Number of protein chains: 2
Amino acid sequence: MSTKRDNISLSVIRRLPRYHRFLHDLMLSGVTRISSRELSERMGLTASQIRQDLNCFGGFGQQGYGYIVEQLYDEISRILGVGNNLPTILLGAGNLGHAIASHMVFEDRGFHLIGIFDRDPKLQGQEINGIPISSGDCLEEFCKQNKPVVAILCLPRDAVFDIAKRLVEWGVEGFWNFSHFDLSLHFPNIVVENVHLGDSLLTLSYRVSEHRRQE
Amino acid sequence: MSTKRDNISLSVIRRLPRYHRFLHDLMLSGVTRISSRELSERMGLTASQIRQDLNCFGGFGQQGYGYIVEQLYDEISRILGVGNNLPTILLGAGNLGHAIASHMVFEDRGFHLIGIFDRDPKLQGQEINGIPISSGDCLEEFCKQNKPVVAILCLPRDAVFDIAKRLVEWGVEGFWNFSHFDLSLHFPNIVVENVHLGDSLLTLSYRVSEHRRQE
DNA sequence: TAGATTGTTAATCGATTAACAATC
DNA sequence: TAGATTGTTAATCGATTAACAATC
């Protein structure tokens, strides 16, 4: 009943967090049971898609009845690895890095932030959420001792390649990449999740301009 | 030669900023001419896809020769609307909003940031990049006078719906949405570009966990 | 001209939707 | 049991890749 999982497509995976979010809200509003049809209406997609997606991982529903909200939520939490607490470091505590470190709740999403690094001596010694900002000098030592699995990259583009290369050597397996550097081209065996804010903004520019053109 | 454009798919649009980026880099490194094959190798996709994508908008190449880098860059800039300077406001100047306002170069990407708003009295009066943070009270007045077309939402989830509703009434046509609120469900005729950092992080969690499982 | 590479049409592949038998 | 809704197979749709004639 628990896990079929066999090369799930990225399209499916990217929908899971949204299911997770909606199920969480349903729980908060006291809904205990939901059918794929009702969930599909609330989320703006098809019931078929929901059933297909969920059945990549197992049969979580019950014919004639639907899905138990809390149970489905727990299953998706487990699938997403919410309890995994992957040891994580953040590189680059400038504007963006600082905001990410203080704004995100990592613990609820499968991560445990254990270190923050920045070259700028002015930042060193400061703390974010109780984690001190260290200089890059001690990074190798830190990695060998604490074995971070994930690194968040809020560095300027030019600094990324060198640091990423070393981090991979020291055992990092995944990057949350905010820089405009195409990491996956250089590290094909590493997981890279990009947040390309500039690309997102340009996409918005195109779409708004197009939208205005059609009026 | 200039613009065919006829219901371009979002998949194509989302690749344009990346082409734009790569062409920019090529220009910087002094490359003046490139074939779809060589660009495809550098970007890690197929030559076919590049030619298909570009031909949604027009025939920018030359048989037997390839593409002139600078010319193609300019065309894509124009397609993306980089010169449009859409008047834009930012709502919510907390950690994340502050970082976005100070970190992003809006002017190079089709936007012109003209106002920042936050309810917190402590922030009011402060400036980010020369733009003062105003209270929400004057928002309606401001919109009527300055007609912002785009709004960046860095607000807590619960505040989003009400503000978005009013902004749409006052003429806003597009949102850059950092909140975990599904705007597009409520405003089907508005352009919404989501940056769901939490979803991105959960996706990373899944993928890294999966990656580790397979070793 | 011959060689190269585009623009475009056709073939393939993958993702979404529809349909329905299984079953709670 | 009858009604409802799942899990799953089949059909459709869209996106990517391959092929090639047009042409610089």
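Residues numbered from 1 in each chain as written. Chains lettered and ligands numbered in written order. Predicted model: local features only at pLDDT ≥ 70, side-chain atom pairs only at ≥ 80, totals over all residues. Heavy atoms only, no water.

- Per an unreviewed UniProt entry, the recorded name for chain A is Redox-sensing transcriptional repressor Rex, and the organism is Solibaculum mannosilyticum.
- Reading the Function (unreviewed entry) entry of the UniProt record for chain A gives the comment "Modulates transcription in response to changes in cellular NADH/NAD(+) redox state."
- Note on chain A: under the UniProt heading Subcellular location (unreviewed entry), the record states "Cytoplasm". (UniProt positions renumbered as here; feature names shortened; annotations may be inferred.)

### Considerations on the domain arrangement of chain A
Then, in step 1: In terms of domain boundaries, chain A breaks down into domain 1 (10–79) and domain 2 (86–199).
Then, in step 2: Taking the mean C-alpha position of each, domain 1 of chain A and domain 2 of chain A sit 32 Å from one another. (Domains from an automatic or database assignment.)

### Examining the protein's contact with DNA strand D
Then, in step 1: Lining the immediate surroundings of DNA strand D are 27 residues, of which Ser 36 and Tyr 67 of chain A together with Ser 48, Gln 52 and Gln 62 of chain B lie closest.
Then, in step 2: Among the atoms of DNA strand D close to the protein, meaning within 4 Å, 58% are from sugar or phosphate groups.
Then, in step 3: Taking Arg 33 of chain A, its side chain carries an N or O atom lying 3.3 Å from a phosphate oxygen of DNA strand D.
Then, in step 4: Measuring from a base oxygen of DNA strand D, one finds a backbone N or O atom of Gln 63 of chain B at 3.3 Å. (Near = heavy atom within 4 Å. Polar contact = N/O pair within 3.5 Å; in protein donor to acceptor, adjacent residues only side chain to side chain.)

### Here's the deal with the sheet that holds strand S3 (residues 86–91) of chain A
Strands in a sheet are paired, the pairing made by backbone hydrogen bonds, and the direction either parallel or antiparallel.
Residue and element names in this part refer to chain A.
Then, in step 1: Pairing within the open sheet is mixed, and its seven strands lie in the order S5-S6-S4-S3-S7-S8-S9. Two strands close off the open sheet at either side, each with one partner strand: strand S5 (127–128) and strand S9 (191–194).
Then, in step 2: Sheet topology note: the strand S4 (residues 111–117)/strand S6 (residues 131–134) ladder contains two bridges and is parallel. From the neighbouring strand, Ile 116 faces S6, where its bridge partner is Ile 133. (Pairing = 2+ DSSP bridges. Helix = DSSP H or I, 4+ residues; strand = E, 2+ residues; numbered from the N terminus.)

### Concerning the UniProt feature "binding site: NAD(+)" (unreviewed entry) in chain A
Then, in step 1: The feature "binding site: NAD(+)" (unreviewed entry), as annotated in UniProt, sits at Gly 92, Ala 93, Gly 94, Asn 95, Leu 96 and Gly 97 of chain A in this numbering.
Then, in step 2: Mapped onto the fold, Gly 94 of chain A is located in the loop between S3 and helix H5 (95–103).
Then, in step 3: The partly exposed category is assigned to Gly 94 of chain A, whose relative accessible area is 34%.
Then, in step 4: Along the polypeptide, Leu 96 of chain A turns up in helix H5.
Then, in step 5: Apart from residues no more than four positions distant in its own chain, Leu 96 of chain A is found in contact with Phe 178 and Leu 197 of chain A together with Ala 99 and His 103 of chain B. (Buried < 20%, exposed > 50% of the residue type's maximum accessible area, 1.4 Å probe, protein only. Contact = heavy atoms within 4.5 Å.)

### Quick notes on the protein's contact with DNA strand C
Then, in step 1: With respect to spatial proximity, 27 residues lie near DNA strand C, and among them Ser 48 and Gln 52 of chain A together with Ser 36, Arg 51 and Tyr 67 of chain B are the closest.
Then, in step 2: A share of 58% of the atoms of DNA strand C within 4 Å of the protein falls on sugar and phosphate groups.
Then, in step 3: Within the side chain of Ser 48 of chain A, an N or O atom sits 2.5 Å from a base nitrogen of DNA strand C.
Then, in step 4: At a separation of 3.3 Å, a base oxygen of DNA strand C approaches a polar backbone atom of Gln 63 of chain A.
Then, in step 5: Of all the elements in the fold, those that place two or more residues in the surface near DNA strand C are helix H1 (10–28) and helix H3 (47–54) of chain A together with helix H3 (47–55) of chain B.
Then, in step 6: Considering each element in turn, the surface near DNA strand C owes the most residues, four residues, to H3 of chain A.
Then, in step 7: Residue classes in the surface near DNA strand C are distributed as three nonpolar, 19 polar and five charged. (Nonpolar A, V, L, I, M, F, W, Y, C, P; charged D, E, K, R; others polar.)

### Remarks on unusual backbone geometry
All names here are of chain A.
Then, in step 1: Phi is positive for Asn 85, which is not a glycine, with a value near 50°.
Then, in step 2: Tracing the sequence through the fold places Asn 85 in the loop between helix H4 (69–80) and S3.
Then, in step 3: Judged by relative accessible area, which is 39%, Asn 85 ranks as partly exposed.

### Describing the packing of helix H1 (residues 10–28) of chain B against H3 of chain B
All names here are of chain B.
Then, in step 1: Two elements in contact, H1 and H3, have axes separated by 11 Å at closest approach and are oriented at 105°. The angle between H1 and H3 falls in the class roughly perpendicular. Of the residues in H3, those in contact with Val 12, Arg 15 and Tyr 19 of H1 are Gln 49, Ile 50 and Asp 53.
Then, in step 2: Residue classes in the contact of H1 with H3 are distributed as three nonpolar, one polar and two charged. (Axes fitted to C-alpha atoms, helices over the stretch in contact; angles between N-to-C directions. Parallel < 35°, antiparallel > 145°, perpendicular 65-115°, else oblique.)

### Brief notes about the relation of the copies chain A and chain B
Then, in step 1: The transformation that overlays chain A on chain B combines an axial shift of 0.0 Å with a rotation of 180°, and the residual RMSD is 0.0 Å. Here the copies are linked by what is in effect a two-fold axis. Relative to the rotation axis, the C-alpha of Ala 99 of chain A is the closest in chain A, positioned 3.1 Å from it.
Then, in step 2: The overlap is high: 99% of the interface residues of chain A also sit at the interface in chain B, so the same surface is used on both sides. (Least-squares fit on C-alpha atoms with pLDDT ≥ 70 in both.)

### Quick word on the state of the cysteines
In a disulfide, the sulfur atoms of two cysteines are held together by a covalent bond.
Then, in step 1: Under the counting rule described, the total for this entry stands at zero disulfides over all chains.
Then, in step 2: Note on Cys 154 of chain B: no disulfide assigned, nearest cysteine sulfur contributed by Cys 154 of chain A at a separation of 15 Å.
Then, in step 3: What makes Cys 154 of chain B buried here is its relative accessible area of 14%. (Disulfide = S-S within 2.5 Å.)

### Overview of the pairing of strand S8 (residues 174–177) of chain A
All names here are of chain A.
Then, in step 1: The side-chain alternation of S8 yields two buried faces, one formed by Gly 174 and Trp 176 and the other by Phe 175 and Asn 177.
Then, in step 2: Across four bridges, the pairing between strand S7 (residues 150–153) and S8 is parallel. Looking at S8, one finds that Ala 151 is bridged to Phe 175.
Then, in step 3: In terms of handedness, the path from S7 via helix H7 (residues 157–169) over to S8 forms a crossover that is right-handed.
Then, in step 4: Bridge count between S8 and S9: four bridges; the pairing is parallel. Paired with Gly 174 across the two strands is Val 191, which belongs to S9. (Right-handed = clockwise from strand over helix to strand, strands pointing away.)

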